[in-house]
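Listed here are the chains, written in short residue letters.
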Amino acid sequence: QVSRLAQTWAGPTHLNVPLRDPLPPLPDPAWTPATISNEALLGRGPATPFTLRTFAAATPIDPALIATLKLRPGLRGVIVAGCQSEPMTSDNPAFALARATGFPLIADAPSHLRTPDAPNLISTFDALATGALAEARAELVIQLGPTPLTRAAYEWCDRQRCPWLTFSGGKNQDFLHRAWATIEGGWGAALTALAQILTPGNPAWCERWVAADAAAQQVLSERTLALGWSESLATSLSVNHPGFAFVQLASSMAVRHANLHLRPSARPIHSNRGVNGIDGTLGTFLGLAHAHARRGLLLIGDLAALHDLPALASAGLAKAGGAIVVLNNGGGAIFDYLPVAQVPDYEHWVRTSHALTFAGAATMFGLVHHDCVSAKDLRSALDASANDQRLYLIECRFPGISGADTVSQHRALIQAAGNAATASGV
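Residues numbered from 1 in each chain as written. Predicted model: local features only at pLDDT ≥ 70, side-chain atom pairs only at ≥ 80, totals over all residues. Heavy atoms only, no water.

1. Section: the overall build of the protein chain
- Along its length, the protein chain carries 16 helices and 13 strands.
- In the protein chain, which comprises 426 residues, the share counted as buried stands at 51%.
- If you take every contact in the protein chain between residues at least 6 apart in sequence, the share linking residues at least 24 apart comes to 72%. (Helix = DSSP H or I, 4+ residues; strand = E, 2+ residues; numbered from the N terminus. Buried < 20%, exposed > 50% of the residue type's maximum accessible area, 1.4 Å probe, protein only. Contact = heavy atoms within 4.5 Å.)

2. What to know about the nonpolar core
- Ranked by size, the top nonpolar core spans 61 residues in total, and within it Ile142, Leu144, Phe167 and Trp209 carry the most contacts.
- In terms of residue count, the dominant contributor to this core is helix H7 (residues 188-198) (six residues).
- Beyond its immediate chain neighbours, meaning those up to four positions away, Ile142 contacts Val78, Ile79, Val80, Leu97, Phe103, Leu165, Phe167, Leu194 and Leu198.
- Counting 53 residues, the second largest nonpolar core, distinct from the first, contains Ala311, Leu378, Ala381 and Leu382. (Core = buried A, V, L, I, M, F, W, Y, C linked by side-chain atoms within 4.5 Å.)

3. Thoughts on the sheet that holds strand E12 (residues 368-372)
- A sheet is described by the order of its strands in space; here six strands give the open sequence E9-E8-E10-E11-E13-E12, paired in parallel fashion. The strands lining the two open edges of the sheet, one partner per strand, are strand E9 (269-271) and E12. With strand direction ignored, the average angle separating the axes of adjacent strands in the sheet is 20°.
- Pairing between strand E11 (residues 322-328) and strand E13 (residues 391-397): seven bridges, direction parallel. Bridge assignment links Ala323 to a residue of E13, and that residue is Tyr392.
- Helix H9 (residues 231-239) rests against strand E8 (246-249), strand E10 (296-301), E11 and E13 of the sheet, and its axis sits at about 160° to E10. (Pairing = 2+ DSSP bridges. Axes fitted to C-alpha atoms, helices over the stretch in contact; angles between N-to-C directions.)

4. Quick look at empty space enclosed by the protein
- For the structure shown, the criterion picks out one cavity of 30 Å³ or more.
- Estimated volume of the largest cavity: approximately 60 Å³.
- If you trace the largest cavity, you find it lined by Ile106, Ala107, Asp108, Arg114, Ile122, Ser123, Phe125, Asp126, Ala153, Asn259 and Leu260.
- Those elements that place two or more of their residues in the lining of the largest cavity are strand E3 (105-107), helix H5 (125-128) and helix H10 (253-261).
- For the lining of the largest cavity, a count of residues per class yields six nonpolar, two polar and three charged. (1 Å grid on protein atoms, 1.4 Å probe; cavity = no way out; pocket = protein on both sides within 12 Å on 5 of 7 lines; lining within 4 Å. Points joined across faces, edges and corners; volume = space filled by probe spheres on them. Nonpolar A, V, L, I, M, F, W, Y, C, P; charged D, E, K, R; others polar.)

5. Quick notes on the side chain of Asn92
- Summarising the element assignment, Asn92 is placed in the loop between strand E2 (77-81) and helix H4 (93-101).
- Among the polar contacts made by the side chain of Asn92, one reaches the main-chain amide nitrogen of Ala94 at a distance of 2.9 Å. (Polar contact = N/O pair within 3.5 Å; in protein donor to acceptor, adjacent residues only side chain to side chain.)

6. Re helix H8 (residues 203-227)
- In this model H8 runs 36 Å from its N-terminal to its C-terminal C-alpha over 25 residues, within 8% of the 36 Å that 1.5 Å per residue would give.
- Among the residues of H8, those classed as buried are Trp205, Cys206, Trp209, Ala212, Asp213, Ala215, Ala216, Gln217, Val219, Leu220 and Thr224.
- Among the residues of H8, the N-terminal cap falls to Asn202, whose side-chain oxygen and the backbone nitrogen of Ala204 are separated by 3.2 Å.
- Where H8 ends, the next residue or the one after it, Gly228, has phi of about 85°, a positive value. (Expected span 1.5 Å × (residues − 1).)

7. Thoughts on the pairing of strand E5 (residues 140-144)
- Counting buried positions along E5 yields five of five residues, so the element is predominantly enclosed.
- Pairing of E2 with E5 involves five bridges; the strand directions are parallel. For Val80, the partnering residue across the bridge sits in E5 and is Gln143.
- Handedness of the β-α-β unit built from E5, helix H6 (residues 151-159) and strand E6 (residues 164-167) comes out right-handed. (Right-handed = clockwise from strand over helix to strand, strands pointing away.)

8. Considerations on the packing of H9 against H10
- At a minimum axis distance of 9 Å, the contact between H9 and H10 shows a crossing angle of 70°. In terms of orientation, H9 and H10 fall into the roughly perpendicular class. Within the contact between the two elements, H9 uses Glu231, Ser232, Thr235, Ser236 and Val239 and H10 uses His257, Ala258 and His261.
- Looking at the contact of H9 with H10 residue by residue, the class counts come to two nonpolar, five polar and one charged. (Parallel < 35°, antiparallel > 145°, perpendicular 65-115°, else oblique.)

9. A closer look at H10
- In terms of burial, H10 is largely enclosed, as eight of its nine residues are buried.
- If you check which residues of H10 are buried, you get Met253, Ala254, Val255, His257, Ala258, Asn259, Leu260 and His261.

10. Observations regarding the pairing of E11
- Across the seven residues of E11, seven count as buried, placing the element largely inside the fold.
- Burial along E11 is two-sided: the face carrying Gly322, Ile324, Val326 and Asn328 and the face carrying Ala323, Val325 and Leu327 are both buried.
- Here six bridges tie E10 to E11, and the two strands are oriented parallel to one another. When the bridges of E11 are listed, Leu298 appears paired with Ile324.
- Tracing the backbone out of E10, into helix H12 (residues 302-307) and back to the parallel element E11 gives a crossover that is right-handed.

Structure representation (structure tokens):
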């Protein structure tokens, strides 16, 4: 089986063995082959034991692939778009596919597809995947680029037992190892051909998703404002503020908060993702500011900012100004959301808590510093930076709000949005 898999890829083959999640504070059970699913051990039968790999060509959808994936009109399908490195054009074929089939377009914030003209756009998937549509079952998953960002999103996808087609962009990005087939190379012709094969989709399926997203969006906005000063409100105010030509989202909680709160926008949304996503975040932002030659906004956590602080020596690259919004929650807040937060000495060994602030760093590198401890402070700082040629470092601090408080607030928002969609009758 391993040798057959290796033959399907040019070059080395990386095999992932699914061990238990290492972060929960649980006894480490002895690993046995029984922990691997039959699908992983045996494939999907003699005809398709592994992921089929094909390349976009003049005839982009092979007839054998159509038969294997059971592609046909009338399906309950979803289009799932992960983080993309390049902005899409307004006439991109992903929109044409969603429009023609009526498939919900589940777009991560940095997918470059969460725009005002996106058809059937779903941007509250975190809430729907654990609420109103947790038990919804698709008949086809089309994945554009990487697997979705959040655990709730990719676990919902992983629960589906239907054909799964990925468009890889030249890299194997199916870390769930669930794809039935992957298409590499140019996506345009393949997506256009796919639209012709799948049109029309199931209209009731699409209506259910769009109605659920609308109900969740309304409650999410209301509850975030009612919550008061918090990481969630600071994120929502920052990433949706006008006056910035592009937005960059740092790894860890910054991109996850923004994924929940970012409203559709025509401006590019960038993000550092990957094995070392924390590395070089400030440097990336300054490079983007130089390339765009326009004012941008970066949402970043305190550890990622401290990790790349020397990059601010190149602050002059942001000639049009901009804002670096630091969510200073005193350490690695993403770990507050995981069971590892229960282990002894968690704060010291995992969260790496600190009491550092950024005023001195802003002075050292010639940035305008704003210390924000309220929504009013943040709105004022964002307004100023959106109308200035200087680069601002806007530091959001949350006195009296612990990591546990933030976790409960974030989860409550997701639950309220999901419940609202359920109550709306979808």
